[in-house]
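# A structural walkthrough
Listed below, chain by chain, are the residues.
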Amino acid sequence: MARILITSGPTRQYLDPVRFLSNASSGRMGCALAAAALAAGHEAVVVTGPVEIAYPPGAEVIQVVSTEDMLEACLRVFPGCDGLVAVAAPCDYRPIKTAAHKISKTGALLVLDLVETPDVVAALAAIKTSQWIVAFALETQDERLRAMQKLERKNGDLVVLNGPAALCAADTQVEVLDRAGSVLAASSGRKEDVAREVFAVIERRLIQSPRPEER
Ligand code: C5P
C-alpha cells in the first residue's frame, strides 16, 4: 500500500481582492487518479486549487488557492508520502503585488508586472528521498520532445503527455513516457478510464517494482 500525493486543479493568483489569474483546469483528472489509487488499495492525499468537482470520499483533501499555498501544503505532506502525481495546473505567474483594494478603471492602459511562481514538482524533486514523481505535460508542439525535456528538468520518473483539449473536458488523450523516451501506454477516452490505465502503469513501474537506480 502506498501513500500518494496528488496535486490537482488550477491555482489563483489575485491581482486585487476580487480579480485573479487562473486557468480552465477542472480537477477532473486529479479526481479520477485519486479514485484509481483508492480503488487499488492505496491512500490518496489531494492538494487542490479551487474546483467545483467533489473528490472521492476516501481521499484526504487539502484545499489551497495560490501556487505558493500549493507548494507550502505539498512540502508538509510529501515527506510522508511514497510518491507524487502532479496533475495540477498551477499558475506560472503572479502579479508582483496584489492591490489592497479593487483596481478602479481609469481609461488608461493598465500594465501588470508578473513574476514566476515556484514550480511545485521541481521543489519537491529537490527534497525527495525515496519518492517517485509523475509529472504531466500539456503541449501543443514538439509534444514528446518537450515532455521529455520537462521530465528531465523536473527530475521526474514518468511524464503523462496530453493536449490542450484535456483542459476542463470529460475526455482526454494521453501518452505515458519514461526517462528513456519509451511510450509505456497510450490511452484516450473518459478521464476515469484513462486515469485507471495511467495508474496501472504507475503501479507496475513505480509502486510494485523499484526504479532502475534502486535495483
Ligand atoms: O512546466 P509545465 O507547467 O508545463 O509542467 C507541467 C507539470 O509541472 C505538471 O506536472 C504540473 O502539475 C507541474 N507544475 C508545478 N508547478 C508549477 C507549474 C507546473 O508543479 N508552477
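Below is a short write-up of the structure. (Residues numbered from 1 in each chain as written. Predicted model: local features only at pLDDT ≥ 70, side-chain atom pairs only at ≥ 80, totals over all residues. Heavy atoms only, no water.)

Of note in this structure, D142 is not a glycine but carries a positive phi near 40°. Residue position: D142 is located in the loop between β9 (132-138) and α4 (143-153). On the basis of relative accessibility, which here comes to 45%, the residue D142 falls in the partly exposed class. (Helix = DSSP H or I, 4+ residues; strand = E, 2+ residues; numbered from the N terminus. Buried < 20%, exposed > 50% of the residue type's maximum accessible area, 1.4 Å probe, protein only.)

As a further point, take the site of the ligand. Among the 14 residues in the neighbourhood of the ligand, the closest are listed as A86, A88, F136, K150 and K154. Contact distances for the ligand include 3.0 Å between an oxygen atom and a backbone N or O atom of V121. At 2.5 Å from an oxygen atom of the ligand is found a side-chain nitrogen or oxygen belonging to K150. For the shell around the ligand, the elements supplying multiple residues, two or more each, are α3 (120-127) and β9. Taken together, the residues of the shell around the ligand sort by class into eight nonpolar, two polar and four charged. (Near = heavy atom within 4 Å. Polar contact = N/O pair within 3.5 Å; in protein donor to acceptor, adjacent residues only side chain to side chain. Nonpolar A, V, L, I, M, F, W, Y, C, P; charged D, E, K, R; others polar.)

Where helix α1 (residues 28-39) meets helix α5 (residues 191-208), the axes come as close as 8 Å, and the angle between the chain directions of the two elements is 55°. Taken together, the axes of α1 and α5 are oblique relative to one another. The chirality of how α1 crosses α5 is right-handed. In contact with R28, M29, A32, L33, A36 and A37 of α1, α5 contributes K191, E192, V194, A195, R196, V198 and F199. In terms of residue class, the contact of α1 with α5 is made up of nine nonpolar, no polar and four charged. (Axes fitted to C-alpha atoms, helices over the stretch in contact; angles between N-to-C directions. Parallel < 35°, antiparallel > 145°, perpendicular 65-115°, else oblique. Left-handed = near helix turned anticlockwise from the far one by under 90°. Contact = heavy atoms within 4.5 Å.)

Within the largest apolar cluster, 31 residues are counted, with the highest numbers of intra-cluster contacts made by I4, I6, L33, V85, V134, V198 and I202. Those elements giving two or more residues to this core turn out to be β1 (3-8), α1, β4 (43-48), β9, β10 (158-162), β11 (171-178) and α5. Here V134 is in contact with L84, V85, A86, L158, V160, I202 and L206, once residues within four sequence places are set aside. Of all hydrophobic cores here, the second largest spans 20 residues; its members include C74, F78, A88 and V121. (Core = buried A, V, L, I, M, F, W, Y, C linked by side-chain atoms within 4.5 Å.)

Before going further, it helps to spend a moment on the sheet that holds β1. Within a sheet, each strand pairs with its neighbour through backbone hydrogen bonds, oriented either parallel or antiparallel. Ordered in space as β5-β4-β1-β6-β9-β10-β11-β12, the eight strands form an open sheet in which the pairing is mixed. Edge positions in the open sheet fall to β5 (60-63) and β12 (183-190), since each of these has one partner strand only. Going from strand to strand, the sheet's axes swing by 15° on average, the running direction of each strand aside. Pairing analysis gives five bridges linking β9 to β10, with the strands arranged parallel. (Pairing = 2+ DSSP bridges.)

Burial in helix α2 (residues 67-77) covers these residues: T67, M70, L71, A73, C74 and V77. An end-on view of α2 places all buried positions within 170° of arc, on one side of the element. In α2, those exposed residues whose orientation departs by more than 90 degrees from the buried face are E72 and R76. Tucked into the core, α2 has its buried residues touching β1, β2 (13-14), β4, β5 and α3. (Arc of directions from axis to C-beta.)

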